[in-house]
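Next come the chains, spelled out residue by residue.
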Amino acid sequence: MATPDTATTDTEEPTFTVDELAARAGVTVRTVRFYGTRGLLPPPVLGPRRVGHYGPEHLSRLALIEELQHHGLTLSAIERYLRQLPPDLSADDLAIHRALVASWAPDASEEASREQLARRAGRPLSEEDIDRLAALNVLERTDDPDVFRIDPGVLHLGMRLLEVPIALETILAAHTVVLEHTRSAARELSRLFRDEVWGPDHEGGSGPFGAERVKAKKSLSAHMQPLVVQALVIAFQRSMKSELRGWYGQDEPQAPSVPDVSP
């Protein structure tokens, strides 16, 4: 759903002015232009009167930059990360990269006003929108009806879902499916890795070798968790693209590679 001053057509993605892009991303116009000069953002498409127009891929790239900064990466490290990405990645592909980065962030909450959320959404939020975001655990209401406690890690996803023409019940059902299957996968994978360290008839951390086994377990977890998350995301993305090929009867490109996000 585009705002009245957001350029779009029936067949094109919405475009934003630099002010609209900054508001949607939760940054300043100066920051957007600075990222452009550093090569972190592709240049906008110039329209009439040489007004620059930005697209969803710019918004997704800004969200990815923000997530990388939250992890303590310097601008130079972020530049190196972004240089590893194919130049033609879509907004959806960039969102997948951001999700992988965000998966390592600790759980945190912040407060945001209704006005701040409206700027991120690009339009005023109705009570139905607030209910939708609350149902998706993107935000929680507080005693002040115009102040909300938000989860920064999923705010960008929640704002994108506001624009998806799918009933809330369908989104919640999909959310339940994802939770059930990921919990099941996590449980089975945890069992496999536990047996690798302890053995099928493990005794936990007791016994003369308990301390060494606890150390081995932590080491295995530290090494395997990033690889497992990456493998799950790529496998799921390829499975979804296989399903979409059945919908549209056409080939889909393979999932993009995921660069190392170490500082």
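Calculation notes
- Residues numbered from 1 in each chain as written.
- Predicted model: local features only at pLDDT ≥ 70, side-chain atom pairs only at ≥ 80, totals over all residues.
- Heavy atoms only, no water.
- Pairing = 2+ DSSP bridges.
- Helix = DSSP H or I, 4+ residues; strand = E, 2+ residues; numbered from the N terminus.
- Axes fitted to C-alpha atoms, helices over the stretch in contact; angles between N-to-C directions.
- Contact = heavy atoms within 4.5 Å.
- Buried < 20%, exposed > 50% of the residue type's maximum accessible area, 1.4 Å probe, protein only.
- Polar contact = N/O pair within 3.5 Å; in protein donor to acceptor, adjacent residues only side chain to side chain.
- Core = buried A, V, L, I, M, F, W, Y, C linked by side-chain atoms within 4.5 Å.
- Lys, Arg positive; Asp, Glu negative; His and termini not counted.
- Salt bridge = Lys/Arg side-chain N within 4 Å of Asp/Glu carboxyl O.
- pLDDT = per-residue confidence, 0-100.

**Here's the deal with the sheet that holds strand 5 (residues 147–150)**
Next up, step 1: One open sheet accounts for 3 strands, arranged 3-5-4; its pairing is antiparallel. Looking at which strands have only one partner, the edges of the open sheet turn out to be strand 3 (110–113) and strand 4 (139–141). Direction aside, neighbouring strands of the sheet carry axes that sit 35 degrees apart on average.
Next up, step 2: Along the sheet, helix 7 (residues 127–135) makes contact with strand 4 and strand 5, crossing strand 4 at roughly 120 degrees.

**Re the side chain of D129**
Next up, step 1: Take D129: it is sitting in helix 7.
Next up, step 2: For D129, a relative accessible area of 10% translates into the label buried.
Next up, step 3: At a separation of 3.0 Å, a polar atom in the side chain of D129 contacts the main-chain amide nitrogen of S126.
Next up, step 4: Sequence-distant contacts of D129, defined by excluding residues within four places in its chain, comprise R123, P124 and L162.

**Overview of the nonpolar core**
Next up, step 1: Ranked by internal contacts, the top residues of the largest apolar core, which has 24 residues, are V32, L64 and L82.
Next up, step 2: The set of elements that each furnish at least two residues to this core consists of helix 1 (18–25), helix 2 (29–37), helix 3 (56–70), helix 4 (75–83) and helix 5 (91–102).
Next up, step 3: Sorting elements by how many residues they give to this core places helix 3 first, with 5 residues.
Next up, step 4: Counting 15 residues, the second largest nonpolar core, distinct from the first, contains A112, L139, L155 and I171.

**Here's the deal with the side chain of E20**
Next up, step 1: Relative to the helices and strands, E20 resides in helix 1.
Next up, step 2: One buried charged residue, E20, forms no salt bridge at all, with the nearest opposite charge on R24 at 7.2 Å.

**Side note on the confidence of the model for the protein chain**
Next up, step 1: The predicted model of the protein chain has a mean per-residue pLDDT of 78, with 74% of residues at 70 or higher.
Next up, step 2: Taking the mean pLDDT of every element in the protein chain, the minimum, 71, falls on helix 10 (residues 210–248) and the maximum, 94, on helix 2.
Next up, step 3: A low-confidence stretch, residues 1–11 (pLDDT under 50), is modelled with 19 contacts involving residues beyond four sequence positions or located in other chains.

**Considerations on unusual backbone geometry**
Next up, step 1: Here R49, not a glycine, exhibits a phi torsion of approximately 60 degrees, which is positive.
Next up, step 2: A relative accessible area of 78% means that R49 is categorised as exposed.
Next up, step 3: Positive phi values are uncommon outside glycine, yet N137 reaches one of about 60 degrees.
Next up, step 4: Locating N137 in the fold gives a position in the loop between helix 7 and strand 4.

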